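# Reading the structure
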Amino acid sequence: MKIICNKSDLLSGITIVQKAVPAKTTMTILQCILIDATAGEIKLTGNDMELGIETVIKGEIEHRGIIAIDAKIFSDIIRKLPDNEVTIETDENYVARITCEKANFTIAGKSGEDFSCLPYVDKDRYIELSKFSLKELIRQTIFSIADSESTNRIMTGELFEVKDNNLRVVTLDGHRISIRTIELKESYEPIKVIVPGKTLNEISKILSAETDENVSIFFTDNHILFEFDQTMVVSRLIEGEYFRIDQMLSSDYETKLSINKKEFLDCIDRATLLVREGDKKPIIIHITDGSMELKIDSAMGSMNEDIDIEKEGKDILIGFNPKFLIDALKVIDDETIDIYLVNPKAPCFIRDEEETYTYLILPVNINQNQAR
């Protein structure tokens, strides 16, 4: 094989597919990036058997061929080369010679035939949405999935649910729920799958949000495929039945308040200056007519601040984990938000009138000493 590429194109492709190369594995072939120039285009592939990424890069093929090269050393070499054309040549012993200007590297590769191909995904069931919309959906929900060590694997993924021309994305971690709904340009058949959070995190890093270009998303019973630009991302789905979210949502409330989002977020942000990382100190919120008082007490000191609000319904004293409020407020773009509360032990809901977003957050128990 002999190919010639611009360094920036090659490095961009490596950066994309490297996201699917496992940090640790007993299968050394999976720590490689596959370079495939057998079919008239240069394809790079990374695959950890759960997530696979393939991208096509620009370049000239002088001799067709295929080879697998250790991802870390390949990436490090290309990154350090001069900004010029890079030539990659291989021989029958899977030795790769990388040349750029006066720099020459020779490294051992592996047979490309031993590399695990990406699974085939049938393209009958699909949806399309803009890259911007997908990136925003992920940003506005990903923070409330459970970490990978969660005992319930379903909580480590996001529910993608398609009904007619609506796509609803849901995450939860046992303390909060995030829901975003967008309208699609067309109606599609019903789809309900759980996509690993790791997959969506990596896609979000790859996606550019500057354009309205579309992403095509294809679904099978076991896999999901994202196609955009010259890139394909294939992931296994999480098996199982997702939680019955609608049963956890309620339109009932005893207290409703409207508040300036930035003012509320800044206030909570200031309060957390007095909380050491790892400390579980609640922020206590006292809502009365026209005013919200926020208090926090810790070993470092105390803070309280008042914010003007518009209120309907009863006064309420309630406590929350400040991080959960901050996470939700950071991803809401509205200037003014509505918060719905029932009582100090029931979840609060932050949602807009059209319910394009809903954030449910469970309160924490507070005692009277904390509330004073």
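Bear in mind the structure is a predicted one, so any value in this text is a computation, not a measurement. (Residues numbered from 1 in each chain as written. Predicted model: local features only at pLDDT ≥ 70, side-chain atom pairs only at ≥ 80, totals over all residues. Heavy atoms only, no water.)

Turning our attention to unusual backbone geometry. Positioned with a positive phi, Asp 164 is a non-glycine residue whose angle comes to about 55°. With respect to the secondary-structure elements, Asp 164 resides in strand β12 (residues 157-172). (Helix = DSSP H or I, 4+ residues; strand = E, 2+ residues; numbered from the N terminus.)

Under the definition given, this model contains one cavity of 30 Å³ or more. Put simply, the largest cavity is a space of about 60 Å³. Among the elements of the structure, β18 (283-288), β22 (316-320) and β23 (336-341) are those that each provide at least two residues to the lining of the largest cavity. Of the residues assigned to the lining of the largest cavity, the class counts are eleven nonpolar, no polar and no charged. (1 Å grid on protein atoms, 1.4 Å probe; cavity = no way out; pocket = protein on both sides within 12 Å on 5 of 7 lines; lining within 4 Å. Points joined across faces, edges and corners; volume = space filled by probe spheres on them. Nonpolar A, V, L, I, M, F, W, Y, C, P; charged D, E, K, R; others polar.)

A word on the packing of aromatic side chains. A ring pair, where both rings are aromatic, is described by two values, the distance of the centres and the angle of the planes. If you walk through the whole model with that rule in mind, you get six aromatic pairs. Look at Tyr 126 and Tyr 188: their rings are 5.7 Å apart centre to centre, the planes differ by 75°, and that puts the pair in the edge-to-face class. One end of the pair, Tyr 126, is in strand β11 (residues 125-130); the other, Tyr 188, is in strand β13 (residues 176-196), and 62 residues separate them in sequence. Tyr 188 sits in the buried class, given a relative accessible area of 11%. Between Arg 351 and the ring centre of Tyr 340, over which it is positioned, the NZ or CZ distance is 4.5 Å. The aromatic ring of Phe 349 is capped on one face by Arg 351, whose charged end is 5.2 Å from the ring centroid. (Phe/Tyr/Trp six-rings, centres within 6.5 Å; stacked < 30°, edge-to-face > 60°. Buried < 20%, exposed > 50% of the residue type's maximum accessible area, 1.4 Å probe, protein only. Lys NZ or Arg CZ within 6 Å of the ring centre and 35° of its normal.)

The next subject is the layout of surface pockets. As a volume, the largest pocket reaches approximately 640 Å³. Around the largest pocket, the lining is made up of 23 residues, and of these His 175, Lys 280, Asn 321, Lys 323 and Phe 324 lie nearest the centre. Per-element accounting of the lining of the largest pocket gives the leading share, three residues, to helix α6 (residues 322-331). Tallied by class, the residues present in the lining of the largest pocket amount to ten nonpolar, four polar and nine charged. Roughly 310 Å³ of internal volume is contained in the second largest pocket.

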